[in-house]
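Chains, contacts and geometry: an overview
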Amino acid sequence: MAKTVLDDELEEESGGGFSRFLFFMTPILFTVVLLGVLLTLFNIDFRNTLIDWGNRIPVIKNLVPDPVTSEGEPVQAEKKEQKQQESTDATVKELKDQLAKQQAELQTANQQAAEQQEKVKELQDQLTAVQQEKSSREQSAEAEAYQKEVKKLANLYAEMSPSKAAAIFDKLTTEETLQMLSVMGNENKVAILEKMDPQKAADISIKLKDVNTSEDLAIAALQSRLKMEAAADTAAATSTGLNDTELSQTFSSMAAADAAKLVLQTYKLSPEKALKIMKSVNGTTRSKILAEMAKSDEKTSVKILNQLVSK
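Notes on the structure in this doc start here.

The rules behind each value
- Residues take numbers from 1 onward in each chain, read along the sequence in its written order.
- Residues qualify for local features only when their pLDDT is at least 70, as the model is predicted, and side-chain atom pairs are given and counted only at 80 or more; totals for whole chains, interfaces and linings, by contrast, use all residues.
- With hydrogens and water stripped out, all remaining heavy atoms of the structure feed into the side-chain values.
- Think of it this way: any DSSP run of H or I at least four residues long counts as a helix, any run of E at least two long counts as a strand, and we number them from the N terminus.
- The rule for a salt bridge is simple: a side-chain nitrogen of Lys or Arg has to be within 4 Å of a carboxyl oxygen of Asp or Glu.
- For each residue, the accessible area found with a 1.4 Å probe, counting protein chains only, is set against the maximum for its type, and the residue is called buried under 20%, exposed over 50%, and partly exposed in between.
- Here a helix's expected span is defined as the number of its residues, less one, multiplied by 1.5 Å.
- For our purposes a nonpolar core is just a set of buried Ala, Val, Leu, Ile, Met, Phe, Trp, Tyr and Cys residues, chained together by side-chain atoms within 4.5 Å.
- We call two residues in contact whenever any of their non-hydrogen atoms come within 4.5 Å of each other.
- Every axis in this analysis is a line fitted to C-alpha atoms, fitted for helices over the stretch in contact. Angles between the N-to-C directions lie between 0 and 180 degrees.
- Under this scheme an angle from 65 to 115 degrees is roughly perpendicular, one under 35 degrees roughly parallel, and one over 145 degrees roughly antiparallel; angles in between are oblique.
- Throughout, a crossing is termed right-handed when the near helix is turned clockwise from the far one, and left-handed when it is turned anticlockwise from it by less than a right angle.
- Here the nonpolar group is Ala, Val, Leu, Ile, Met, Phe, Trp, Tyr, Cys and Pro; Asp, Glu, Lys and Arg are the charged ones; every other residue, Gly included, is treated as polar.

So, the environment of methionine 254
Its location among the elements puts methionine 254 in the loop between helix H9 (242-252) and helix H10 (256-269). Residues methionine 254 and isoleucine 289, 35 residues apart in the sequence, show an inter-C-alpha distance of 9.9 Å.

Right, here's the structure in full:
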């Protein structure tokens, strides 16, 4: 009997607890259902609101799904598109920065290239100036050496007897004679002019007062020689060879030592003239002149002999 009463009491307590649970849960469930119906009726996106709140919480956002838009597309797509736009903007900015940097480097390189070109131009100008100066010095040296040879040859003529020198000058052009006399002393000039052809002596006397520079005289003498040789070539067919005969007589009558000096100096100015003189004399005179030439300038003498043999 006692057991039965205890069981009844336990069942009453159990039933009373469930009743109390239902008592508290029924209003809650009713409220939840009512809120759901109201939210559905008024189309309030309560779920997305709660999810959006959850995504704002640092730890909870990793457990909560992405909210859904009214069209059913995830909001994450918008975020992704926004991130892509930001990435694109960052890439564009980076490319612009790189382009600006490359343009600056290109401008610097162009400026350096322009400076290098300017330096190269300056060096080229300096090189040109040095070359011109060198060429001018060489020309001056050559002109000075030529003038020394002219003076040496003129001194040889001055050491001859006036009649012999005049005979040789009569075979030269007026400009060549003027070149020789221009570097002689007045005493030698007078003595030689007295023995020369009167007409040629008169022409030379007039020109002596208007003597130009030694360089101009050299050019004039060379031009006159070229004209004379051209005229001689034209009249070669009718030539009697009298000029060679007179030249032979002139050098044959000279002392071998004087003739050797004269031929050597002539060879320095005009090898053709020196060879012509050596060919005009006879074998005996030629051998004597060569012997004297070898004493003073063996190298040039051998060269002249080789040219005489080869021609």
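What to know about the pattern of salt bridges
Tallied over the full model, the rule gives six salt bridges. Linking aspartate 97 and lysine 93 is a salt bridge whose minimum nitrogen-to-oxygen distance equals 3.4 Å. With a gap of four residues between them, aspartate 97 and lysine 93 both fall in helix H3 (residues 75-159), about one helical turn apart. Overall, the relative accessible area of 43% leaves aspartate 97 in the partly exposed class.

Let's talk about H10
Taking 1.5 Å per residue as the helical rise, H10 with its 14 residues ought to reach 20 Å, and the 20 Å between its terminal C-alpha atoms agrees with that figure. Residues of H10 that are buried include every one of Ala259, Ala260, Leu262, Val263, Leu264, Gln265, Thr266 and Tyr267, and no others.

What to know about the nonpolar core
Formed by 41 residues in total, the largest nonpolar core has its most connected members in Tyr157, Phe169, Phe251, Val263, Met293 and Ile304. Look past the residues within four positions of tyrosine 157 in its chain and what remains in contact with it is Ala165, Ile168, Phe169, Leu172, Met180, Met184, Ile192 and Leu262.

Some words on the packing of H10 against helix H12 (residues 283-296)
Relative to each other, H10 and H12 sit at 65°, their axes nearing to 8 Å. Classified by the angle between their axes, H10 and H12 sit roughly perpendicular to one another. As for how H10 packs across H12, the hand of that crossing is right-handed. Contacts between H10 and H12 involve Ala256, Ala257, Ala259, Ala260, Val263 and Leu264 from the former and Lys288, Ile289, Glu292, Met293 and Ser296 from the latter. For the contact of H10 with H12, the class distribution of residues is eight nonpolar, one polar and two charged.

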